[in-house]
Amino acid sequence: MRFSLIGAALIVASAPAAFAGDDIMANYFGNTVVAQNQLGISKVHYRQNHTFGGTALGPSGQIQLSGSWKIDPSGQLCRTYENAPPGSPNPFCTPWESHKVGDTWSMSANGQTAQVSLVAGK
């Protein structure tokens, strides 16, 4: 009985770590997603409470970005902006996957291709 209780306690204690590994957003929290294309550059911070914030600098100047995010059933990251950037759909959904700090990848959306990086800190 004693070994069963210890085993059960270890399983329960390790469950949050196992679920965190499945969360494709886990490495984004506390870090910055930097995306740059021919129209400008954006820097966005995603938070565990399903909100985001950041800035975008483009032809019309700098704008503040804020809103909420969710992963839809097809695995896309959908951002709902409080004030959508000009020309952006709201919500704005893009394919998404887990990355680690230091990764750089290309992403295409709205007919534009951006170089995206996950950098440490805010």
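What this report covers is the structure whose coordinates are included nearby. Values in this document were obtained by computation on a predicted structure and should not be read as measured data.

1. Digging into the overall build of the protein chain
Of the regular secondary structure elements, the protein chain holds one helix and eight strands. Reading the protein chain from its N terminus to its C terminus gives the helix and strand order α-β-β-β-β-β-β-β-β. Relative to its full complement of 122 residues, the protein chain shows a buried share of 29%. Counted over contacts in the protein chain with a minimum sequence separation of 6, partners at least 24 positions apart contribute 29%. Accessible surface, the protein chain: about 7,600 Å² in total, of which carbon and sulfur atoms supply 58%.

2. Points about the sheet that holds strand β6 (residues 92–95)
Neighbouring strands of a sheet are bound in pairs by backbone hydrogen bonds; such pairs are parallel or else antiparallel. If you walk across this open sheet you meet the eight strands as β6-β5-β4-β3-β2-β1-β8-β7, and the pairing is antiparallel. Of all strands in the sheet, those with a lone pairing partner are β6 and β7 (104–109), marking the two edges. The sheet shows a mean angle of 30 degrees between the axes of neighbouring strands, direction not considered. The pairing of strand β1 (residues 32–37) with strand β2 (residues 40–46) spans five bridges and is classified as antiparallel. Each residue of the ladder has a partner; that of A35, found in β2, is S42.

Procedures and definitions
- Residues numbered from 1 in each chain as written.
- Predicted model: local features only at pLDDT ≥ 70, side-chain atom pairs only at ≥ 80, totals over all residues.
- Heavy atoms only, no water.
- Helix = DSSP H or I, 4+ residues; strand = E, 2+ residues; numbered from the N terminus.
- Buried < 20%, exposed > 50% of the residue type's maximum accessible area, 1.4 Å probe, protein only.
- Contact = heavy atoms within 4.5 Å.
- Areas by Shrake-Rupley, 256 points an atom, 1.4 Å probe, with all protein chains shown as cover.
- Pairing = 2+ DSSP bridges.
- Axes fitted to C-alpha atoms, helices over the stretch in contact; angles between N-to-C directions.

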